[in-house]
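Spelled out from the first residue to the last, the chains are:
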Amino acid sequence: FQDEAVDKSIFKDCNKIGFYRRQKLLPRKNTYRTLLNSLTSGKDSTKFQIINEVNKVPFLAEVCEIEGNIFRFKINEMAPLKPRYEVSDVLIQKPVTKRLTQCSGDTGTLVLKDDSGHLKFCITANPFKIDLFSEEKPLLSMSQLYFEHLQKLPKHRPSTESEEDVSTDPYQESQDDLGLWKETFGKFVDIKANGPSSIGLDFSLHGFEHLYGIPQHAETHQLKNTGDAEAYRLYNLDVYGYKLHDKLGIYGSIPYLLAHKIDRTVGIFWLNASETLVEINTQPTVEHKLSPKGSVLAKQKVRAQTDVRWMSESGIIDVFLLMGPTPAAVFKQYSILTGTQALPPLFSLGYHQCRWNYDDEQDVKAVDAGFDDHDIPYDVIWLDIEHTEGKRYFTWDKKKFPNPKRMQELIKSKKRKVVVISDPHIKVDPMYSLYSQAKDKGYFVKNSKGGDFEGICWPGASSYLDFTNPKVREWYSGLLAFSEYQGSTDILFVWNDMNEPSVFRGPEQTMEKNAIHYGNWEHRDLHNIYGFYQQMATAEGLIQRSKGEERPFVLTRSFFAGSQKYGAVWTGDNVSEWGYLKISIPMLLTLSVTGIPFCGADVGGFVGDPEPELLVRWYQAGAYQPFFRGHATMNTKRREPWLFGEEYTKLIREAIKERYGLLPFWYSLFYHAHVASEPVMRPLWVEFPKELETFGVEDEYMLGSALLIHPVTEPKVTMVDVFLPGSEEVWYDFRTFVRWEGARSLKVPITLDRIPVFQGGSVVPMKTAVGRSTGWMTHLPYELRVALDTKGSSRGELYLDDGHSFQYLHQKQFLHRKFSFCDGVLSSSCADENGHYHSECIVEKVLILGINKQPSSVTASSSDGTEKQVAFTYFSKTAVLHLENLSLNVVADWEIHVK
Ligand code: NOJ
């Protein structure tokens, strides 16, 4: 079936989507009126009615403030023919709401204000419109509502399929297929039992012209104007070798965008799991010259505005407005709703070696040994679908993997892990116990006729587990128990793939929209959240198999808002071409700002054979991206790091070792993402929100607020243009320590052995050496890279725990240290008194960058009163001070005085 995964001609462009045609082509009359006198204020929210003047269908609107500076706005039919789908399991808790108070407005309007009185909702009656003011300035407006109500199939439906409501429109009459009751795409026919059900709402963001978010697309980080061309599509699809710069939805969807301007960041989270389209239209700030008055040419500035239209095929309007005002505040607000990144086990921040497929136990052993023989660290070896008995997940091919436990014991003895794949399709085979169990229990998604849905995937005819059913999830989680999953051990972790879901020969390679899920919901209603539920069940299963003790690791291809709680995401089937290396940066930045910090792209490119130069550049980039995995499809040449000659092996080794050297820094960043909702990989605008020049930067990014990374994404490069942001920043070349002032562009000469990495004023914790895997590095000493800022000071943090269990959470077994350099004193102190963790580890080495003169003495004093001289070397040319053989406990408070 491999060829069937490759056909790209099977996807729709927007004009082939019925609800898009309806919302676009029908004349846009705002026929909705707010019934202001229907307004009631309850404890949790304010409610009012809206009516569609054309057909008199009434709607119920609800607005409330959620603690944390968030507003929620919901619209549903007052009395739908049957309930409309509302997304559950994404919000981590019932939001704590605050009451809005009503204050007077002009006739025909009504004003609600928040507690502080800074924010005001102004509701206009006719036509319906809501304007949101912050400090009396317009921030955001919502207008142009579109809401198709559920209907019974009319008895005498006109053959043109026109809906009564709109049939008087001449334009509509010329449309013979608006996909109202039936929508055809190629050979596929989608019958809609209750007719059209789409919703839409327009937003205007006043003063904003920079928008980001709504993954996943192979597109730039900054969202583009869609104009009248393709809208951004959010529809989880399996698109092998996806096209670059395309608005087609791939693999996962997060219906959430951020808008940013110099003094404000806001977010719009559109909580809907059906197919969604987003149009963006920006009118930038313009200056008009007015006719001369006297001798002076008067100028008038017209503020920028961005209009965003959200359209979804079904469900309700449920939108969260995240009011910022800073990028960090918006990240926090989004995490109040959907949760933060699960703290990954430390091993998963190391390097992962994957291939479709490592053929058998021998192969696994040889690849594993290859890493040791070539002195290249790695943490995880991955097994793709061929490890199973005929693509029956949770089984092993007996010939290739006769003794999976023995194999895992070997890998475990190397302090490494194994990840195996588990897809949501289950081979139709009554002899396969997973199939027969699920069938008997009624755990598969149903077709529109009520039988089990069957589609084609890797195993041939397959049925699909209905992960939207909590019972199915519970059962699936149980399959991961050691007693159930034969041949599994505690170093085995899981990869969920093909969970869009991918259905070969299905419409757009996925499931029919009228397939039926638990609760009688149509697939149409929840398509985008299907994969989310599989990862949720898998993560839960891994936790349960360890009796709640161990942190899980689950990689998923499909995702939705909130998937960060369950593990990592990667960008699917990219190609071994330079363009795909380049686009990995904006794609990962977009995931990062929409709540998915743990993300990565297949290193080397999945499809095709990378030339060695590309492979090296990809390793160098991947080493500085959150999820770091090499992967390749079937029929590609083998490409383990040592297969291209010693010159290239050395370069790849160095790249991977750089990653391992920075593990303490990575782990600390993930802890931050976990507790403080901050992305690990950050676009420059997040760190420099007041600097306009950063808003469009896509070829470089920050790790935390310390490192600036500029991967090389073109062949034969000898010079790279690096932008160093921040008029008050200094930047140190991470390798040469050369110091540069910020707010400038720099031409950096480049060779194949490096990519530009700079450290801003910060303390970065590292290890002085690397081991064969993260597991071998626990006791290795630390090095601190202290880079002084313009004021000669510097700050940083270190997070530390056992690296694998939940004890950091339940027993507070962790260490959170902070380092600061100020007035010649570097101090290490506790950043969180709640945490306790014992470690014999020492800080052995400190490098202070940007010290202008040779010190006369350096002493170290510990909290127990001991003081000793520290041997140091000063390099005047680079202004770097090396302190070595320090032996300061990483757990203890201490100070180093540089005089
Ligand atoms: C598609 C995935 O994207 C790819 O990574 C994997 O190797 C194949 N499925 C086979 O499982």
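Values in this document were obtained by computation on a predicted structure and should not be read as measured data.

Q: What should I look at first to understand the overall build of the chain in this one?
A: Secondary structure assignment for the chain yields 15 helices and 55 strands. If one aligns the C-alpha atoms of the chain with their principal axes, the spans along those axes are about 90 × 85 × 50 Å. Counting every position in the chain, which comprises 899 residues, the buried fraction comes to 63%. Relative to all contacts within the chain whose residues are 6 or more apart in sequence, the contacts with residues 24 or more apart total 71%. Accessible surface computed for the chain: about 33200 Å², of which carbon and sulfur atoms make up 51%.

Q: Can you walk me through the environment of Leu-669 in this structure?
A: The residue Leu-669 is located in helix α13 (residues 663-676) in this model. Look at Leu-669 and you get buried, because its relative accessible area is 9%. Sequence-wise, Leu-669 and Val-680 are eleven residues apart; in three dimensions their C-alpha atoms are separated by 5.7 Å. Apart from the residues within four sequence positions on either side, Leu-669 is in contact with Val-680, Leu-703 and Gly-704.

Q: Honestly, the site of the ligand in this entry has me stumped. Any pointers?
A: Taken together, 13 residues lie around the ligand, and Asp-384, Asp-497, Arg-557, Asp-573 and His-631 are the ones closest in. Here an oxygen atom of the ligand and a side-chain polar atom of Asp-573 are 2.4 Å apart. Taking His-631, its side chain carries an N or O atom lying 2.9 Å from an oxygen atom of the ligand. Taken by itself the ligand offers 300 Å² of open surface, and the protein chains cover 99% of this. Considered class by class, the residues forming the shell around the ligand number eight nonpolar, one polar and four charged.

Q: Before we go on, may I ask you to explain the packing of helix α10 (residues 578-593) against helix α11 (residues 612-622) in this structure?
A: Angle between the axes and distance between the axes: these two values describe a pair of packed helices. Closest axis-to-axis distance for the α10/α11 pair is 10 Å, and the angle between their directions is 10 degrees. If you check the angle between α10 and α11, you find them roughly parallel. Residues Trp-578, Tyr-580 and Leu-581 of α10 form the contact with α11, whose own contacting residues are Glu-613, Leu-614, Arg-617, Trp-618 and Ala-621. A breakdown of the residues in the contact of α10 with α11 according to their chemical character gives six nonpolar, no polar and two charged.

Q: What is the right way to read helix α6 (residues 433-441) from this model?
A: Every α-helix winds through 3.6 residues per turn, so residues three or four apart in the chain are directed the same way. Listed in full, the buried residues belonging to α6 are Leu-434, Tyr-435 and Ala-438. Around the axis of α6, the buried residues are gathered within 100 degrees of arc, so they sit on the same side. In this structure, the buried side of α6 is in contact with β26 (425-427), β28 (460-464) and α7 (470-478). Looking one or two residues beyond α6, the residue adopting positive phi is Gly-442, at roughly 75 degrees.

Q: Quick question: what am I supposed to make of the UniProt feature "domain: Glycoside hydrolase family 31 TIM barrel" (unreviewed entry) in the chain here?
A: The positions that UniProt labels "domain: Glycoside hydrolase family 31 TIM barrel" (unreviewed entry) are, in the present scheme, residues 342-669. With 34% helix and 13% strand, the stretch residues 342-669 has end C-alpha atoms that lie 12 Å from each other.

Q: Is there a simple way to explain the side chain of Arg-659 in this structure?
A: One can find Arg-659 in helix α12 (residues 646-661). Here Arg-659 is buried and forms no salt bridge, its nearest opposite-charge partner Asp-379 lying at an N-O distance of 8.6 Å. Here Ala-623 takes part through its backbone oxygen, which lies 2.9 Å from a polar atom of the side chain of Arg-659. When neighbours within four sequence positions are excluded, Arg-659 is seen to be in contact with Leu-349, Gly-622, Ala-623, Tyr-624, Gln-625, Pro-626, Phe-628 and Trp-666.

Q: Looking at this model, I keep getting lost on the sheet that holds strand β24 (residues 380-383). Mind explaining?
A: Pairing between sheet strands relies on hydrogen bonds along the backbone, with the strands arranged either parallel or antiparallel. Across the sheet, eight strands lie side by side as β34-β33-β32-β29-β25-β24-β23-β35; this open sheet has parallel pairing. Looking at which strands have only one partner, the edges of the open sheet turn out to be β34 (599-600) and β35 (628-630). Relative to the sheet, helix α9 (residues 530-545) contacts β29 (492-496), β32 (554-556) and β33 (568-570), its axis offset from that of β29 by approximately 175 degrees.

Q: So what exactly am I meant to see when it comes to the domain arrangement of the chain here?
A: Taken domain by domain, the chain holds domain 1 (31-147) and domain 2 (781-898). A straight line from the C-alpha centre of domain 1 to that of domain 2 covers 52 Å.

Q: Can you help me understand the nonpolar core in this one?
A: The nonpolar side chains of a soluble globular protein tend to be buried with one another. Counting 187 residues, the largest nonpolar core has Leu-465, Ile-529, Phe-553 and Leu-703 as its most contacted members. Per element, the largest residue contribution to this core is ten residues, and it comes from α10. When residues of this core are assigned to domains, at least three fall in each of domain 1 (31-147) and domain 2 (781-898). Apart from the residues lying within four places of it in its own chain, the contact partners of Leu-465 are Pro-424, Ile-426, Ala-438, Tyr-443, Phe-444, Val-445, Val-472, Trp-475, Tyr-476 and Tyr-530.

Q: Quick question: what am I supposed to make of the sheet that holds strand β38 (residues 707-709) here?
A: Reading across the sheet, the six strands line up as β36-β37-β38-β43-β40-β41 and stay open at both edges, with antiparallel pairing between neighbours. At either end of the open sheet lies a strand with only one pairing partner, and these are β36 (681-682) and β41 (739-741). Note that strand β37 (residues 701-703) and β38 share three bridges and pair antiparallel. Counted as the bridge partner of Tyr-701 is Ile-709 from β38.

Q: Is there a simple way to explain the packing of aromatic side chains in this structure?
A: What describes a pair of aromatic rings is the distance from one ring centre to the other and the angle between the planes of the rings. Taken as a whole, this structure holds 50 aromatic pairs when the rule is applied. Ring centres of Phe-598 and Phe-670 lie 5.0 Å apart, and the angle between their planes is 70 degrees; on these two criteria the pair is classed as edge-to-face. Of this pair, Phe-598 sits in the loop between α10 and β34 while Phe-670 sits in helix α13; the two residues are 72 residues apart in sequence, bridging distant segments of the chain. For the pair formed by Phe-598 and Phe-670, the shared burial category is buried. Put simply, the rings of Phe-347, Trp-382, Phe-493, Trp-495, Phe-553, Trp-570, Phe-598, Phe-627 and Phe-670 touch in pairs and so form one group of aromatic residues. Above the face of the Trp-776 ring, Arg-772 is positioned so that its terminal group lies 4.8 Å from the ring centre. Geometry around Phe-734 places Arg-785 over its ring, the cationic atom sitting 4.8 Å from the centre.

Q: Would you mind showing me how to read the pairing of strand β49 (residues 842-849) here?
A: Each regular strand shows side chains that alternate between the opposite faces of the sheet. Relative to β49, strand β45 (residues 782-787) runs parallel, the two being bridged by six bridges. Opposite Arg-785, over in β49, you have Leu-847 as the bridge partner. Taken together, the two bridges between β49 and strand β54 (residues 888-889) define a ladder with antiparallel strand orientation. Bridge pairing in β54 links Val-843 to Leu-888.

Q: Help me understand the pattern of salt bridges in this model?
A: Pairs can form between side chains of opposite charge once their charged atoms are near each other. In the structure shown here, the tally under the stated rule is 61 salt bridges. With a shortest N-O distance of 3.3 Å, Asp-801 and Arg-551 are connected by a salt bridge. Residue Asp-801 is located in the loop between β46 (794-800) and α15 (807-810), and its partner Arg-551 is located in the loop between α9 and β32; the two are separated by 250 residues in the primary sequence. There is no split in this pair, since Asp-801 and Arg-551 are both buried. A salt bridge links Lys-845 to Glu-783; the nearest nitrogen and oxygen atoms lie 3.8 Å apart. Here Lys-845 is found in strand β49, whereas its partner Glu-783 is found in strand β45, with 62 residues between them in sequence. With relative accessibility at 22%, the residue Lys-845 sits in the partly exposed group. Beyond isolated ion pairs, a larger network of salt bridges with shared partners links Asp-190, Arg-233, Glu-275, Glu-313, Glu-508, Lys-513, Glu-522 and Arg-524.

Q: Looking at this model, I keep getting lost on the side chain of Thr-265. Mind explaining?
A: By secondary structure assignment, the location of Thr-265 is in strand β17 (residues 264-270). Judged by its relative accessible area of 0%, Thr-265 falls in the buried class. Engagement of the side chain of Thr-265 in a polar contact is seen with the side chain of His-260, the distance being 2.9 Å. When sequence neighbours within four positions are dropped, the list of residues in contact with Thr-265 reads Leu-258, Ala-259, His-260, Met-323, Gly-324, Pro-325, Thr-326, Pro-327, Val-330 and Trp-685.

Q: How should I be thinking about unusual backbone geometry in this particular structure?
A: A negative phi holds for most residues other than glycine; trans holds for most peptide bonds. Looking along the chain, the bond that leaves Asn-126 and enters Pro-127 is cis, with omega of -10 degrees. You can see Pro-127 is positioned in the loop between β8 (119-124) and β9 (129-134). That bond from Pro-215 to Gln-216 is cis: its omega, 15 degrees, falls within 30 degrees of zero. Looking at the secondary structure, you find Gln-216 in the loop between β14 (210-213) and β15 (232-234). Of note, the phi angle at Lys-415 is positive, near 55 degrees, even though the residue is not glycine.

Conventions and cut-offs
Residues numbered from 1 in each chain as written. Predicted model: local features only at pLDDT ≥ 70, side-chain atom pairs only at ≥ 80, totals over all residues. Heavy atoms only, no water. Helix = DSSP H or I, 4+ residues; strand = E, 2+ residues; numbered from the N terminus. Buried < 20%, exposed > 50% of the residue type's maximum accessible area, 1.4 Å probe, protein only. Contact = heavy atoms within 4.5 Å. Areas by Shrake-Rupley, 256 points an atom, 1.4 Å probe, with all protein chains shown as cover. Near = heavy atom within 4 Å. Polar contact = N/O pair within 3.5 Å; in protein donor to acceptor, adjacent residues only side chain to side chain. Nonpolar A, V, L, I, M, F, W, Y, C, P; charged D, E, K, R; others polar. Axes fitted to C-alpha atoms, helices over the stretch in contact; angles between N-to-C directions. Parallel < 35°, antiparallel > 145°, perpendicular 65-115°, else oblique. Arc of directions from axis to C-beta. UniProt positions renumbered as here; feature names shortened; annotations may be inferred. Lys, Arg positive; Asp, Glu negative; His and termini not counted. Salt bridge = Lys/Arg side-chain N within 4 Å of Asp/Glu carboxyl O. Pairing = 2+ DSSP bridges. Domains from an automatic or database assignment. Core = buried A, V, L, I, M, F, W, Y, C linked by side-chain atoms within 4.5 Å. Phe/Tyr/Trp six-rings, centres within 6.5 Å; stacked < 30°, edge-to-face > 60°. Lys NZ or Arg CZ within 6 Å of the ring centre and 35° of its normal.

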